[in-house]
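A structural walkthrough
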Amino acid sequence: MKKAKPLEVALMAVLSLAAAYLLNRFWAVLEGLPAGNPIERLLDTVDAIIPSIGAAPLSIGVSKASLLAGACGFGMVWLMYLYRLAAPKRMYGIEHGSAEWGSRRVSAPLRSKDPDQNIVLSATEQISMGQAKNYEHDRNKNVIVVGGSGSGKTVLVKENLMQLHSSYVITDPKGTLLPQTGYLFTKNGWKVRNFNTINFKKSLHYNPLAYIHSEKDILKVVNVLIKNTNGDASPQKDPFWEQGERLLYTALIAYLMKEARPSERNIPSLIDLLEHCQVREDIPNYKSPVDILMDDLAQREPDCLAVRQYRKFKVGAGKTMASILISCAARLAPFDIEELRELMSYDELELDSIGDHRTALFITMSDTDTTFSFLIAMLMYQLFNLLTEKADDEYHGRLPIHVRCILDEFANIGKIPDFHVLISTIRSREISTTIMLQSLAQLNAVYKDHADTIQDCCDSMVFLGGKSTKTTKQIAEMMGKTTITGRDASESKGQSGSYSVQDRGLGRDLLDPAEVGRIGRTECLVIIVGLPPFRSRKVNNKRHKRYRYISDSGKVPLFDITQATTLSDQHFFDTVSSVEEVELDLSELNSL
């Protein structure tokens, strides 16, 4: 039995008194009419009841019959209320599920009135980039896009890039997106940068050590390095060796930041220092070149971070230190490639400024070779942390320009450490992501137990098509069940044959997994938290007002990638206000 609510009880009290009064007056009027046809008397009573109440609203019938009629009216209201409390809960028409397709009208409150300030999900569904005034219409900006090869993921990427409402970080698996969309950004005032892991010569330089401004930043860079160069190391590996590596990396990077010239504070210099870390048990009191450097620093600054960390590393036995050095060499082996050393010798990406100026950073990656995927994972991990810290320290928690990360082929860019934590916290800093996958199984393969957490942090999902059974089954479950009417017919033949039909309620998926996999090539499914699912048309780039800025339109040529790989020279000359000729005596320099 349901619990009675105080407001309902008060309402029932008023209704029961009203019913008692009306039936009492009705019967009193009926008794005052002359005898005759019962039906005519009832009709005459109906005609006379309102004038009678108007003439004497406070009077009531005092005969036994009229009082009994009033009591019956009072009791009927309370009996109806008690029946309602005791009756089982019924959901007629939705007994087995209430799922139904959403319409454009349903999603309209989520869209911004400014068409440019939206994240495009389909031809009809969009989500506002701003924060809705009504919390009911507010959604986070993280999106998962699932679609097999050729399903239109690149078309959806281009549609969202043409919105031009943010700074963008875009993974470019085929290396075609930057040439096709570069002019879109340069002609509208965006800075274009390119980090290329396919052809290092066409890439801007990236130096993780360039973002170190304090000792705590050293620890963050060491964390970036450890977590992104771990390869396929077993999770059961003894953490002792990793902790030993952390001590050594921290000591060497701290030494570089304190003693090396700015041009030498980079990954190649770190590797050079590691190569000069040597352990010789056959020579008593042997000192490697790095030992000598640290001893010299210890005499001048005995309590600095580099000296303290190196002393802790040196506490280990000779064989222990040798094993740690071997682990370090194996971890950083890819950096022995000369092209990669040159790529990481200095920094041009300026990752920490992407939220300050309108920027488009393209990350060109191979969609067939994952050898250098760890570089992208390292860059993305450092990017999220740098922007989050900058938002908190300089902008009271929110970047001035929203940073939108569109991560195509997300499963192939390497495992971003702690991404399940980052995606849940970056939202409030004006950072958001679109994760693009070929199937949800890819996300589970890379992030395993954290895959569900990542999905839960994305309020929107777009399915462009695919045949993965796990994906189609999960999407069918997310859309829910609906109630339909089933009809059973039975027929018996013979001398006394009969035929009967029976309708009954049944439950079924709004779309079963097989039907999800068979949606049309021009259709997509959109699932937004708190709204019914949408079966919509895919976007068409040709209808966008900025379509003329991309090479697909034929109105602009392919963008010259070299324009996105000469950032340092451009920035240098932008800062030169004048050039003066001066006389210089070289002997003065020699005496310095």
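Located above this text is the structure these notes cover.
Here we take up the side chain of Thr 433. Summarising the element assignment, Thr 433 is placed in strand S8 (residues 431–437). Apart from the residues within four sequence positions on either side, Thr 433 is in contact with Lys 141, Asn 142, Val 143, Phe 384, Arg 404, Cys 405, Phe 419, Ile 423 and Ile 426.

What follows deals with helix H11 (residues 305–314). If you check which residues of H11 are buried, you get Leu 305, Ala 306, Val 307, Gln 309, Tyr 310 and Phe 313. Buried residues along H11 sit in contact with helix H7 (215–228), helix H8 (239–259), helix H10 (289–300) and helix H12 (318–331).

Before going further, it helps to spend a moment on unusual backbone geometry. If you check the backbone angles, Leu 164 has positive phi at about 50 degrees while not being a glycine. Mapped onto the secondary structure, Leu 164 falls in the loop between helix H5 (153–161) and strand S4 (167–172). The class for Leu 164 is buried, based on a relative accessible area of 9%. Even without glycine at this site, Lys 448 takes up a positive phi of about 50 degrees.

Orientation of H10 relative to H11, taken along the N-to-C sense of each, is 135 degrees, at an axis distance of 10 Å. It follows that H10 is oblique to H11 by the angle criterion. Between H10 and H11 lies a crossing of left-handed hand. Across the interface between the two elements, Val 290, Asp 291, Met 294, Leu 297 and Ala 298 from H10 touch Ala 306, Val 307, Tyr 310, Arg 311 and Lys 314 from H11. Along the lines of polarity and charge, the residues of the contact of H10 with H11 split into 7 nonpolar, no polar and 3 charged.

Before going further, it helps to examine the sheet that holds strand S5 (residues 191–196). Strand order in the open sheet made by the 9 strands is S5-S6-S4-S7-S8-S3-S9-S12-S13, with mixed pairing throughout. Single-partner strands in this sheet number two, and they are S5 and strand S13 (534–537). Strand-to-strand twist in this sheet, taken as the mean axis angle between neighbours without regard to direction, amounts to 15 degrees. Taken together, the 4 bridges between S4 and strand S7 (residues 403–407) define a ladder with parallel strand orientation. Opposite Ser 167, over in S7, you have Val 403 as the bridge partner. Across the face of the sheet, helix H14 (residues 373–394) comes into contact with S4, S5, strand S6 (359–364), S7 and S8 while running at roughly 160 degrees to S7.

Attention now moves to a nonpolar patch on the surface. A cluster of nonpolar residues, Ile 60, Val 62 and Leu 67, forms a patch on the protein surface that exposes about 310 Å² of accessible area. Mapped onto the elements, Ile 60 comes out in the loop between helix H2 (38–55) and helix H3 (64–86).

Our focus in this paragraph is the packing of H8 against H10. For the pair H8 and H10, the least separation of the axes is 12 Å and the interaxial angle reads 60 degrees. In terms of orientation, H8 and H10 fall into the oblique class. The way H8 lies across H10 gives a crossing that is left-handed. The residues of H10 that touch H8, namely those facing Ala 251, Leu 252, Tyr 255, Lys 258 and Glu 259, are Val 290, Leu 293, Met 294, Leu 297 and Arg 300. Of the residues belonging to the contact of H8 with H10, the class tally is 7 nonpolar, no polar and 3 charged.

About the criteria used
- Residues numbered from 1 in each chain as written.
- Predicted model: local features only at pLDDT ≥ 70, side-chain atom pairs only at ≥ 80, totals over all residues.
- Heavy atoms only, no water.
- Helix = DSSP H or I, 4+ residues; strand = E, 2+ residues; numbered from the N terminus.
- Contact = heavy atoms within 4.5 Å.
- Buried < 20%, exposed > 50% of the residue type's maximum accessible area, 1.4 Å probe, protein only.
- Axes fitted to C-alpha atoms, helices over the stretch in contact; angles between N-to-C directions.
- Parallel < 35°, antiparallel > 145°, perpendicular 65-115°, else oblique.
- Left-handed = near helix turned anticlockwise from the far one by under 90°.
- Nonpolar A, V, L, I, M, F, W, Y, C, P; charged D, E, K, R; others polar.
- Pairing = 2+ DSSP bridges.
- Patch = residues over 30% accessible without salt bridge, like charges linked within 9 Å, V, L, I, M, F, W, Y side chains within 5 Å.
- Areas by Shrake-Rupley, 256 points an atom, 1.4 Å probe, with all protein chains shown as cover.
- Salt bridge = Lys/Arg side-chain N within 4 Å of Asp/Glu carboxyl O.

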